Amino acid sequence: MSKDSNKNVKPPCPYYGKCGGCQLQNLSNKDQNLYKQKEAEKLLGKYGRVENILVMDDPYNYRNKIQYSFGYDKKGKIISGMYESNTHKIIDIDKCLIQDPIADEIIKTIKSIMKKYKMEPYNEDTRQGFLRHVLIKTGHKTGEVMVVVVTANHMFHGKKNFVKILRKKHPQISTVIQNINSKNTSMILGDRESNMYGKGYIEDILCGLRFRISSKSFYQINPSQTETLYNKAIEMAGFKGNERIIDAYCGIGTISLIVANKVKEVIGVELNGDAIQDAIRNSKINNINNVKFYKADAGEFMVGLASKNEKIDAVIMDPPRAGSDEAFLHSMCQLNPEKIVYISCNMETQARDLEYLVKNGYKVKGIQPVDMFPQTGHVECIALLQRTNM
Ligand code: SAH
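Conventions we followed
Residues numbered from 1 in each chain as written. Predicted model: local features only at pLDDT ≥ 70, side-chain atom pairs only at ≥ 80, totals over all residues. Heavy atoms only, no water. Pairing = 2+ DSSP bridges. Helix = DSSP H or I, 4+ residues; strand = E, 2+ residues; numbered from the N terminus. Axes fitted to C-alpha atoms, helices over the stretch in contact; angles between N-to-C directions. Expected span 1.5 Å × (residues − 1). Buried < 20%, exposed > 50% of the residue type's maximum accessible area, 1.4 Å probe, protein only. Near = heavy atom within 4 Å. Polar contact = N/O pair within 3.5 Å; in protein donor to acceptor, adjacent residues only side chain to side chain. Areas by Shrake-Rupley, 256 points an atom, 1.4 Å probe, with all protein chains shown as cover. Nonpolar A, V, L, I, M, F, W, Y, C, P; charged D, E, K, R; others polar. Core = buried A, V, L, I, M, F, W, Y, C linked by side-chain atoms within 4.5 Å. Contact = heavy atoms within 4.5 Å. Domains from an automatic or database assignment. Buried area = accessible area lost by both parts, 1.4 Å probe. Salt bridge = Lys/Arg side-chain N within 4 Å of Asp/Glu carboxyl O. Parallel < 35°, antiparallel > 145°, perpendicular 65-115°, else oblique. Left-handed = near helix turned anticlockwise from the far one by under 90°.

## Notes on the sheet that holds strand 1 (residues 65–72)
Read across the sheet, six strands follow the order 2-1-3-4-5-6 without closing on themselves; strand pairing throughout is mixed. Each of the sheet's edge strands pairs with one partner strand only, and the pair in question is strand 2 (78–81) and strand 6 (192–198). Strand-to-strand, the axes of this sheet are offset by a mean angle of 20°, without reference to chain direction. Here strand 4 (residues 145–151) pairs with strand 5 (residues 173–180) via seven bridges, running parallel. Paired with V148 across the bridge in strand 5 is I177.

## A short note on helix 2 (residues 101–113)
The terminal C-alpha atoms of helix 2 lie 19 Å apart, and with 13 residues this matches the ideal 18 Å at 1.5 Å per residue to within 8%. Restricting attention to buried positions, one finds in helix 2 the residues I102, A103, D104, I106, I107, T109, I110, K111 and I113.

## Section: the site of the ligand
Looking at the ligand, there are 16 residues lining it, with Q220, Y230, E270, D297 and A298 nearest. Here an oxygen atom of the ligand sits 2.8 Å away from a polar atom, N or O, in the side chain of Q220. In this structure, Y230 approaches the ligand through a side-chain N or O atom, which is 2.5 Å from an oxygen atom. Alone, the ligand offers 580 Å² of accessible surface; in the complex the protein occludes 86% of this. In terms of residue class, the shell around the ligand is made up of nine nonpolar, four polar and three charged.

## Some thoughts on the nonpolar core
In terms of nonpolar packing, the biggest core is built from 84 residues, with I106, I110, M119, I136, V147, V149 and F162 touching the most fellow members. Filtering out sequence-adjacent residues up to four positions away, I136 remains in contact with N64, K65, I66, A103, I106, I107, V145, M146 and V147.

## A word on unusual backbone geometry
Positioned with a positive phi, K118 is a non-glycine residue whose angle comes to about 50°. Relative to the elements of secondary structure, K118 occurs in the loop between helix 2 and strand 3 (131–138). For K118, a relative accessible area of 71% translates into the label exposed. In this structure, N287 takes a positive phi of about 60° despite not being glycine. Here N287 shows up in the loop between helix 6 (273–285) and strand 11 (291–295).

## Some points on the domain arrangement of the chain
If you check the domain split of the chain, you get domain 1 (29–59 + 222–387) and domain 2 (65–206). Here domain 1 and domain 2 have C-alpha centroids that lie 32 Å from each other. Each side of the interface is counted separately: domain 1 has eleven residues, and domain 2 has seven residues. Summing the contributions of domain 1 and of domain 2, the shared interface buries around 600 Å²; its carbon and sulfur component is 71%.

## A short note on the side chain of Q368
Its location among the elements puts Q368 in strand 14 (residues 362–370). A polar side-chain atom of Q368 sits 2.8 Å from the main-chain carbonyl oxygen of N52. The contacts of Q368, once residues within four sequence positions are left out, are E51, N52, I53, L54, K232, M236, E380, C381 and I382.

## Section: the pattern of salt bridges
All told, the structure shown has 18 salt bridges when counted by the stated rule. Between E144 and K199 there is a salt bridge whose closest N-O contact spans 3.6 Å. Within this pair, whereas E144 is found in the loop between strand 3 and strand 4, its partner K199 is found in the loop between strand 6 and strand 7 (201–206), the two being separated by 55 residues in sequence. Of the residues examined, E144 reaches a relative accessible area of 15% and is grouped as buried. The salt bridge partner of D353 is R352, with a shortest N-O separation of 3.1 Å.

## A short note on the packing of helix 7 (residues 298–307) against helix 8 (residues 326–335)
Interaxial distance between helix 7 and helix 8 falls to 8 Å at its minimum, and their mutual angle equals 30°. Judged on the interaxial angle alone, helix 8 and helix 7 are roughly parallel. In this structure, helix 7 crosses over helix 8, and the sense of that crossing is left-handed. Seen from helix 7, the contacting residues are A298, G299, M302, V303, L305 and A306; seen from helix 8, they are A327, F328, S331, M332, Q334 and L335. Per-class residue counts for the contact of helix 7 with helix 8 are nine nonpolar, three polar and no charged.

## Here's the deal with the packing of helix 2 against helix 3 (residues 159–169)
The contact between helix 2 and helix 3 brings their axes to 10 Å, and the two run at 140°. Taken together, the axis directions place helix 2 and helix 3 in an arrangement best described as oblique. Handedness of the crossing formed by helix 2 with helix 3: right-handed. Between helix 2 and helix 3, the residues in contact are I106, T109, I110 and I113 and F162, I165, L166 and K169, respectively. Class assignment for the residues of the contact of helix 2 with helix 3 results in six nonpolar, one polar and one charged.

Here's what the structure looks like:
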C-alpha cells in the first residue's frame, strides 16, 4: 500500500492536499500506521525484525508548536497559515487539526488586531511590511503558552497594548517575545529578541521532570508520544546503573535528565547555545547532578573524546533529519561503546548511518518505530545496536 492507495477516506481537514503540513489524511489512522510500518520494514528491515509501530490513541491536536506566516489574499484581506507544499504561498488556515487548539485561537486574535496596531504583513518579494511570522509553543502538561512575534524591524509601536489585548483574551499566555528578523531569508527566527511579557520561556513536564523551553530551542512537538518514545528507548538500552553514557544531539537535555537516574553519569552534547543553557538550567530545576552538558558540534566532540581515549559504555543519539556525519560515527566506533541507541526522525538517513555502524563492529538488536507525527508521512524510529567485537 502506498500513501496514494485506493483505500482512501475523506480527509477530515479542508486544507489537505494544499497545505504542506500533513501527507496521509487520505488514509484511516490504522492504514496510516500500516503504511508507516511498511516504510520502516522497507528501509530498515534488512538489519533485523521491525517491531510493531507504537501508535497514538488520539492522533489529533498533538502539536505543541506552530509557525504561521502572514500575508494578504487577492482582495486585500489579511491571511495567515502554513505554506502550500514546496512553495512560499500562504494558505489561510482557521483551524489545524493536529495543533493544540489554543494556538489557532491566538492567531485569530492577532489577525483581528493587526490593522489597529499597524502590523502590516511582511512581503518576502518586496521586503516591505512588519509582521513576518508568529510562533506559538504550548506546554502540554503545564498549559503555559509562549507567543513569539517575528517582525522585520524592532519598531513595534503599539506593543504594550498589543500584549495587553492578547493576554486579556487568552490569559493562558505566559510569555510574549518579539523576535527581530530583518534578513532576506527563509529562516523563521532572527538573532535578536526582546521580551515583551513574562519570563521569556515556558516550562513543560515530561516523564515526571520539569523542562524549560526557550523560543529557539528544539523540543519534541508531540509530548505524549515523546514519553512513549523515551521510555521505549531507555527500556531497549537496558541500563544496569553503572554506565557512563553520551546523549548526543541532546537539545534541552530531556533524554539526558530522564535517563540520569538509571546510569552513573551522562554527558550531553548539543550545538545550539540556547538549548544548552536550557539544558543546564533543567538539570538544576530537577536537582540532577550526574549530567554534564557541552555546547559543541557532536562530531567534533566525539573526535575529541576518542583522541583522549575516554571510556564510554553507551551512546544515545538523536540527530536532526540530515542524520549524523562520518566524523561522529567514526569516532563513536573508536570509543567502542557496548551499546548505541539511535533515535531518528528520518529513517533514510538512519539507514545510511546504520549501514556504516554494521560495517564497523555493530549489530542491530532491535528496531522500534513510533508514530510521533500522525496524519503526516514522518516516522520516528529507535534502533538498538550492540558491539560485536567484545
Ligand atoms: N534529543 C533531543 C533533541 C533532538 S533534535 C530531544 O529529544 O528533544 C536534534 C538536535 O540536534 C537539535 O537540538 C539540534 O539543535 C541539534 N544539532 C543539530 N546539529 C548538531 C550538531 N552538528 N551537533 C550537535 N547538535 C546538533
